[in-house]
Each structure stands twice: as structure tokens, then as C-alpha cells.
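# Geometric and topological summary
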Amino acid sequence: LLSLQAAGVDSLPGTSAEILVDEVRKRLAAARLSSEEWRSVIETAHEIGLPTTSTMMYGHVETPADMAVHLDILREVQRKALARGGP
């Protein structure tokens, strides 16, 4: 991330969140990072000053509970970034 930032990248849009419930992620996007790996990348980006955006892919196999978990994870990541005064 530091190399990307040094090369001029100033944000991470989209970020491939899909749905942050690993059981569902494995069905929809098996080759993607795990939810915990995704969170680590995003939180590291915030720590070095890179703002991020995130999406939720829905309408497939997830449940309303899965969607709530996804949104709760995003809220916690955002809460941590704001508490640090970050992006």
C-alpha cells in the first residue's frame, strides 16, 4: 500500500468487499480475500491515510442477517478510522 501511495494512489475505491460473511463469500467470490484479510487491508489503508469506499453485493445467497453483519463490520471499521482522525 505504501508503494501504491508513493506512486500517486490516493484512495482505494470499491475494495472488493462483496459480502463480509466468509461462508457467503466462499460461495460468491472464493478467490477473494477472507473477511478478516479484507478488513486488515482496509484498516492498514486508513492508518496510512488512504480513504476507502466499500460496497455490498446482495441479491444472491445472503440472508438479511448476513447483510446486517456486513454493515456492522463496515460501521466498526469506520468507527476505528474516525477515532484515529483518519479518512
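Below, the structure is looked at part by part. (Residues numbered from 1 in each chain as written. Predicted model: local features only at pLDDT ≥ 70, side-chain atom pairs only at ≥ 80, totals over all residues. Heavy atoms only, no water.)

## Remarks on the nonpolar core
- Membership of the largest hydrophobic core is limited to seven residues, which are Ala17, Leu20, Trp38, Ile42, Ile73, Leu74 and Val77.
- Elements with a minimum of two residues in this core: α3 (35–47) and α4 (64–83). (Core = buried A, V, L, I, M, F, W, Y, C linked by side-chain atoms within 4.5 Å. Buried < 20%, exposed > 50% of the residue type's maximum accessible area, 1.4 Å probe, protein only. Helix = DSSP H or I, 4+ residues; strand = E, 2+ residues; numbered from the N terminus.)

## Considerations on the pattern of salt bridges
- Taken as a whole and assessed by the stated rule, the structure comprises five salt bridges.
- A salt bridge links glutamate 18 to arginine 32; the nearest nitrogen and oxygen atoms lie 2.8 Å apart. Residue glutamate 18 is located in the loop between α1 (2–6) and α2 (22–28), and its partner arginine 32 is located in the loop between α2 and α3; the two are separated by 14 residues in the primary sequence.
- Its salt-bridge partner being glutamate 43, residue arginine 39 comes within 3.0 Å of it at the nearest N-O pair. Taken together, the residues span about one helical turn, with arginine 39 and glutamate 43 both in helix α3 at a distance of four residues. (Salt bridge = Lys/Arg side-chain N within 4 Å of Asp/Glu carboxyl O.)

## Observations concerning α4
- Along its 20 residues, α4 runs 28 Å from first to last C-alpha, staying within 8% of the 28 Å computed at 1.5 Å per residue.
- Within the span of α4, buried status applies to Asp66, His70, Ile73, Leu74, Val77 and Ala81. Viewed end-on, α4 has its buried residues packed into an arc of 95 degrees, placing them on one side of the element. Opposite the packed face of α4, turned more than 90 degrees from it, sit the exposed residues Pro64, Leu82 and Ala83.
- Packing partners of the buried residues in α4 comprise α2 and α3.
- Positive backbone phi, at 80 degrees, marks glycine 85, one or two positions downstream of α4. (Expected span 1.5 Å × (residues − 1). Arc of directions from axis to C-beta. Contact = heavy atoms within 4.5 Å.)

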